[in-house]
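# Breakdown of the fold
Chain by chain, the residues:
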Protein chains: 2
Amino acid sequence: MSIRIGILGYGNLGRGVEAAIGQNPDLELAAVFTRRPPETLRIQTAGVKVLAEAELKHRQGDIDVLVICGGSATDLPVQTPKYAALYNVVDSFDTHARVPEHFAAADAAAREAGKVCVISCGWDPGMFSLNRLYAGAILPQGRDYTFWGKGVSQGHSDAVRRIEGVMDARQYTIPVPQAVEAVRKGENPELSTRQKHTRECFVVAKEGADRAKIEQEIKTMPNYFADYDTTVHFISQEEMQRDHSGLPHGGNVIRTGVTGSGNGHVIEYRLNLSSNPEFTGAVLAAYARAAFRMNSEGAAGCKTVFDIAPAYLSPLSGEELRAHLL
Amino acid sequence: MSIRIGILGYGNLGRGVEAAIGQNPDLELAAVFTRRPPETLRIQTAGVKVLAEAELKHRQGDIDVLVICGGSATDLPVQTPKYAALYNVVDSFDTHARVPEHFAAADAAAREAGKVCVISCGWDPGMFSLNRLYAGAILPQGRDYTFWGKGVSQGHSDAVRRIEGVMDARQYTIPVPQAVEAVRKGENPELSTRQKHTRECFVVAKEGADRAKIEQEIKTMPNYFADYDTTVHFISQEEMQRDHSGLPHGGNVIRTGVTGSGNGHVIEYRLNLSSNPEFTGAVLAAYARAAFRMNSEGAAGCKTVFDIAPAYLSPLSGEELRAHLL
């Protein structure tokens, strides 16, 4: 008996979840739900239906867990509470500042329905959050640092694309190596925004566009670039396609701290990901397994990665885990 | 109301737990229990009693969690089940092959008593185990590598000390940098024992001892050294004291895997510890908090790090965790 997963939303992340399900024999893709006309979607998994989102009203008999792959800005605040009232659900809500209200809305819906809802899964929030918690609990006298990259930031790439004269753009966030090294050495540096990360933009300009003006607009854009050292490269559309079509990302969570009479320790968690959406999808799939199992044991309400015992994520039994991974 | 911790066994690890309790305002050292004559022990924490182990028969009213700091070979297999029948207990049992029987004995005792018993806490087993589980659940198509060091192996140091003519010895386990780099690059190398780690020994020889013979005996010692490239340095007792009195350790757990159409990912967890026993003690203290809380909610039986939701380790509330660490 495999766990039947529904995917709502078939963008990069939805495809990542689909790929992850294919790697886990105990998970099964039951259906993909979309706001687009279902017949316009071609999915990877043979023999699986694509259905209109409206179908979710009455598919509870076919779906054990619904993985919601919408955006955090406008989709998830509506979708997650709505479907937590009908299904066990998992999402990757990543607007840190709005987590409390998202949690409250999802929790109320899931409790009322007797379902489990897991929010904010992925790598940050998600695996990075877990590592901040574990490291902080072990080294209470210490300091956390999070570095992101090298990787593509979709938000920053979009911001550059909105500039007049820009045809296409890709933005990489890059940690400053000296900053990472200083942290690893336990120097506890005070780091400004500029000292932690640099930004690198690859831009395809429209014909006749004013490149100097584009570069100036990027470098002075408030919030996105003004506080960073930014490099801008103009490239051709062919170069963009050839060299920048992937969505790599990653980063480091480092905590340094002291124990006893001043013995220093460094805990570091590092990700180097060729595909951000596929890795995030893989995390969502593992938490879908956990959501189903916890609900099967009677749990209900909203959970985060903090509330879920690690064993629920693995297809292995407790005996197998203790024998092989402990 | 702080959580009252008892420590059984006051060696390096017991002192590490004591130091960790001092860094956690919600934990309180209630008493240290020892097999030695209690009056011969001087502990760090002012005003705390040192008691004979036999006192544990009737101290249930004073102790919320007993952290057992004995050795895995002969102490813990007896002590953990014995005291799991009387207290919530936490241990750092690290004989991987004997985990199943240790778990079974502790589980039976703890269930019968309605207590929580957490076994095999520390960094390996412990934090490294957790990272193997999380990484494996996210990247089912992948491969795990664990490297230890650079750090002092007590077992190997002891083995060298038993050789005729050796007065004192310290053995460092060192990962082979090229092996670690090949793994990080996702090359999935097949690595022999010799290719993963080297061993470095610092030896104080007795006057007139045959150094060539000592070196030969070390390098050919089965299980401990024969399968490794080992370097032996003869030093003075003063140099030993000055340069090798610490107990640093650490290592890396790396999982590499692929998703989708072959996108590679690297997950790495790394520890760099100035004091192995103090770090291990800090992990034990965090799991003591978890044991108390889980038991307060009605849980009973033997648990490992796999079975404990991360939030139980932190003194912060669910709201605080979601607001600040997610």
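Read on for a plain summary of the structure.

What counts as what
- Residues numbered from 1 in each chain as written.
- Chains lettered and ligands numbered in written order.
- Predicted model: local features only at pLDDT ≥ 70, side-chain atom pairs only at ≥ 80, totals over all residues.
- Heavy atoms only, no water.
- 1 Å grid on protein atoms, 1.4 Å probe; cavity = no way out; pocket = protein on both sides within 12 Å on 5 of 7 lines; lining within 4 Å.
- Points joined across faces, edges and corners; volume = space filled by probe spheres on them.
- Helix = DSSP H or I, 4+ residues; strand = E, 2+ residues; numbered from the N terminus.
- Least-squares fit on C-alpha atoms with pLDDT ≥ 70 in both.
- Contact = heavy atoms within 4.5 Å.
- Disulfide = S-S within 2.5 Å.
- Buried < 20%, exposed > 50% of the residue type's maximum accessible area, 1.4 Å probe, protein only.
- Salt bridge = Lys/Arg side-chain N within 4 Å of Asp/Glu carboxyl O.
- Pairing = 2+ DSSP bridges.
- Right-handed = clockwise from strand over helix to strand, strands pointing away.
- Axes fitted to C-alpha atoms, helices over the stretch in contact; angles between N-to-C directions.
- Parallel < 35°, antiparallel > 145°, perpendicular 65-115°, else oblique.
- Left-handed = near helix turned anticlockwise from the far one by under 90°.
- Polar contact = N/O pair within 3.5 Å; in protein donor to acceptor, adjacent residues only side chain to side chain.

Taken as a whole, this structure holds 2 cavities of 30 Å³ or more when the rule is applied. By volume, the largest cavity is sized at about 50 Å³. Lining the largest cavity, in full, are Leu130(A), Asn131(A), Tyr134(A), Met127(B), Leu130(B), Asn131(B), Tyr134(B) and Tyr269(B). Listed by contribution, the elements that provide at least two residues to the lining of the largest cavity are helix 4 (127–138) of chain A together with helix 4 (127–138) of chain B.

Before going further, it helps to spend a moment on the relation of the copies chain B and chain A. At an RMSD of 0.0 Å, chain B and chain A line up after a rotation of 180° and a shift of 0.0 Å along the axis. The relationship between the two copies is best expressed as a two-fold rotation axis. Distance from the rotation axis, computed per C-alpha, reaches its smallest value in chain B at Ala309(B): 1.9 Å. Counting the interface residues of chain B, we find that 100% of their copies in chain A are interface residues as well, pointing to one common contact surface.

This part takes up the state of the cysteines. Where two cysteines share a covalent bond between their sulfur atoms, that bond is called a disulfide. All names here are of chain A. Under the counting rule described, the total for this entry stands at 0 disulfides over all chains. Here cysteine 121 stays unpaired: no disulfide links it, and the sulfur of cysteine 117, its closest cysteine neighbor, is 9.1 Å away. Considering cysteine sulfurs only, cysteine 117 is the nearest to cysteine 302, which forms no disulfide, with 4.2 Å between them. Take cysteine 302: its relative accessible area is 5%, and that puts it in the buried class.

A separate point is the pattern of salt bridges. Across all of its chains, the model carries 42 salt bridges over all chains by this definition. Two residues, Asp144(A) and Arg255(A), come together in a salt bridge whose shortest N-O distance is 3.3 Å. Separated by 111 residues along the polypeptide, Asp144(A) in strand 7 (residues 142–148) and Arg255(A) in strand 12 (residues 249–259) bring together distant segments of the chain. On the basis of relative accessible area, Asp144(A) is assigned to the partly exposed category, the value being 29%. A salt bridge links Arg270(B) to Glu268(A); its shortest N-O distance comes to 3.3 Å. Remark: Glu268(A) occurs in strand 13 (residues 263–273) and Arg270(B) occurs in strand 13 (residues 263–273); the pair is interchain, linking two chains. Looking at Arg270(B), the relative accessible area reads 22%, which means it is partly exposed. Under the relative-accessibility criterion, Glu268(A) is labelled buried at 2%. By sharing partners, the salt bridges in this structure join Glu181(A), Arg184(A), Glu268(A), Arg270(A), Glu181(B), Arg184(B), Glu268(B) and Arg270(B) into a single network.

Okay, the pairing of strand 4 (residues 65–68) of chain A next. Residue and element names in this part refer to chain A. Neither face of strand 4 is open: one carries Val65 and Val67, the other Leu66 and Ile68, and all of them are buried. Pairing of strand 1 (residues 3–8) with strand 4, which is carried by 4 bridges, proceeds in the parallel orientation. Of the residues in strand 4, the one forming a bridge with isoleucine 5 is valine 65. The sheet contact formed by strand 4 and strand 5 (residues 88–91) spans 4 bridges and is parallel. Across the sheet, the residue bridging to isoleucine 68 is aspartate 91, located in strand 5. Once you follow strand 4 into helix 2 (residues 75–84) and on to strand 5, the crossover reads as right-handed.

This part is about the environment of Pro37(A). One can find Pro37(A) in the loop between strand 2 (27–34) and strand 3 (49–52). For the pair formed by Pro37(A) and Leu51(A), sequence separation is 14 residues and the distance between their alpha carbons is 8.4 Å.

Moving on, we come to the packing of helix 1 (residues 12–22) of chain B against helix 10 (residues 276–296) of chain B. Residue and element names in this part refer to chain B. Here helix 1 crosses helix 10 at 55°, and the two axes come no closer than 7 Å. Between helix 1 and helix 10, the angle is such that the two are oblique. The handedness of the crossing between helix 1 and helix 10 is right-handed. From helix 1, Asn12, Leu13, Gly16, Val17 and Ala20 reach across to helix 10, where they touch Pro277, Glu278, Thr280, Gly281, Ala282, Leu284 and Ala285.

Residue and element names in this part refer to chain B. Within the secondary structure layout, phenylalanine 202 lies in strand 10 (residues 197–205). Along the sequence, phenylalanine 202 and serine 236 sit 34 residues apart, while their C-alpha atoms lie 9.3 Å from each other. When sequence neighbours within four positions are dropped, the list of residues in contact with phenylalanine 202 reads Asp168, Ala169, Arg170, Tyr172, His233, Ile235, Met240 and His244.

Among the residues of helix 6 (residues 177–184) of chain B, those classed as buried are Ala179(B), Val180(B), Ala182(B), Val183(B) and Arg184(B). Buried residues along helix 6 of chain B sit in contact with strand 13 of chain A together with strand 7 (142–148), strand 9 (166–175), helix 7 (193–196), strand 12 (249–259) and strand 13 of chain B. Phi turns positive one or two residues past the end of helix 6 of chain B, at Gly186(B), with a value near 80°.

Quick look at the side chain of Glu278(A) now. One can find Glu278(A) in helix 10 (residues 276–296). Within polar-contact distance, the side chain of Glu278(A) engages the side chain of Thr259(B) at 2.6 Å. Beyond its immediate sequence surroundings of up to four residues, Glu278(A) is in contact with Gly16(A), Thr259(B), Gly260(B), Ser261(B) and Asn263(B).

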